[in-house]
Amino acid sequence: MNRAGGWLLCGLLALGGLGCSSADEPTGAEVVFGTALICLGDAAEPLSVEVASTETQRQRGLMGRDGLAPDTGMLFRYPDEATPKYGFWMFNVPFALEVAFISAAGEVVDIKKMAPCVGVPARECPPYQTPHPYQSALEVSPGVLRAHDVSPGSLVREAINGVCDGD
């Protein structure tokens, strides 16, 4: 969950299934995220997402937030392809999420459902990993991917001039 703790919600990037050293640090410092409009599969309307592209942003993700607005998400971008040993976790994320792991070509390679993990030490939060290499990951509220008919094999891409063309 690279958004919640590295990916929207509490996804501090988990290394080899373990939390990052910053996982037990306070979450009060403000982290500013970029934004983007992305197209899911054949959707006609883009999804507004926050973008976590730096190590600090990916570590913070959605951690410490109360929720996620409908039809929004957090896109975690990596400078290089992430190997399957890296994953997401929900430390200090009090709401459920889904994460779509996305290849460098923009293809969804795996989807995982992630449960909230609050009130426990970071090491007690389970990691959510995929056996597939990925270049980015998208965290959204449960049901958003299904509502947009996204499954492994679907494409995720940035909107062009704020528009999804369906290609």
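Residues numbered from 1 in each chain as written. Predicted model: local features only at pLDDT ≥ 70, side-chain atom pairs only at ≥ 80, totals over all residues. Heavy atoms only, no water.

Here we look at the overall build of the chain
Convention followed: Strands here mean DSSP runs of E at least two residues long; helices mean DSSP runs of H or I at least four residues long; both are numbered from the N terminus. Here the term buried applies to any residue with accessible area under 20% of the maximum for its type, exposed to any over 50%, and partly exposed to those in between, with areas from a 1.4 Å probe on protein chains only. We call two residues in contact when some of their heavy atoms are within 4.5 Å. Values of accessible area rely on a 1.4 Å probe in the Shrake-Rupley scheme; residue burial ignores everything except the protein chains shown.
In terms of regular secondary structure, the chain is built from two helices and twelve strands. Starting at the N terminus and ending at the C terminus, the chain contains elements arranged as β-β-β-β-β-α-β-β-β-β-β-β-α-β. Across the 167 residues in the chain, those meeting the buried criterion constitute 49%. The long-range share in the chain, meaning contacts at least 24 apart out of those at least 6 apart in sequence, stands at 76%. Only carbon and sulfur atoms are counted for the fraction: they give 52% of the accessible area of the chain, which is about 7,600 Å².

Notes on the side chain of Ser154
Within the secondary structure layout, Ser154 lies in the loop between α2 (144–147) and β12 (156–158). Residue Ser154 is classed as buried on the basis of its relative accessible area, which comes to 12%.

So, the sheet that holds strand β6 (residues 72–82)
Across a sheet, strands are paired by hydrogen bonds formed along the backbone, either parallel or antiparallel in direction. Here is the rule we go by: In short, DSSP must find at least two bridges between two strands for them to pair. Angles run from 0 to 180 degrees between N-to-C directions of axes, and those axes are lines fitted to C-alpha atoms, restricted for helices to the stretch in contact.
Taken together, the seven strands give an open sheet; going across it, the order is β9-β8-β11-β6-β5-β4-β12, and neighbouring strands pair in mixed fashion. The open sheet has two edge strands, β9 (108–114) and β12, and neither has a second partner. Put simply, the sheet's adjacent strands are angled 35° from each other on average, direction ignored.

Topic: the state of the cysteines
For clarity, the cut-off: In this description, the term disulfide denotes a pair of cysteine sulfurs within 2.5 Å.
Within this structure, the stated rule accounts for two disulfides. For Cys39, the disulfide goes to Cys164, at an S-S distance of 2.1 Å. Since a negative S-S torsion denotes a left-handed disulfide, the Cys39-Cys164 link at about -100° is left-handed. With a gap of 125 residues between them, Cys39 in strand β4 (residues 34–40) and Cys164 in the segment after β12 connect regions that are remote in the sequence. Accessibility expressed as a relative area gives 1% for Cys39, which makes it buried. On the accessibility criterion, Cys164 (8% relative accessible area) is buried. Here Cys117 pairs with Cys125 through a disulfide, and the sulfurs are 2.1 Å apart. Between Cys117 and Cys125, the S-S torsion sits near -90°, and that sign places the bridge as left-handed. For the pair Cys117 and Cys125, one class covers both residues: buried. Sequential numbering of the bridged cysteines in the chain gives the disulfide pattern 1-4, 2-3.

Things to note about the nonpolar core
Let me state the cut-off plainly: Buried residues of nine kinds, namely Ala, Val, Leu, Ile, Met, Phe, Trp, Tyr and Cys, make up a nonpolar core once their side-chain atoms join them within 4.5 Å.
Counting 26 residues, the largest nonpolar core has Phe76, Phe88, Met90, Leu97 and Met114 as the members making the most contacts within it. At four residues, β6 tops the list of elements feeding residues into this core. Ranked by size, the runner-up nonpolar core spans 16 residues in total, among them Val49, Ala100, Leu145 and Val150.

Concerning the pattern of salt bridges
Rule in force here: Salt bridges are defined by distance alone: a side-chain nitrogen of Lys or Arg within 4 Å of a carboxyl oxygen of Asp or Glu.
Scanning the entire structure with this criterion turns up four salt bridges. For the salt bridge of Glu158 with Arg77, the shortest nitrogen-to-oxygen distance reads 2.4 Å. With Glu158 in strand β12 and Arg77 in strand β6, this residue pair connects regions lying 81 residues apart in the sequence. We classify Glu158 as partly exposed; its relative accessible area is 45%. Notably, a salt bridge pairs Lys112 with Asp110, separated by 3.6 Å at the nearest N-O pair.

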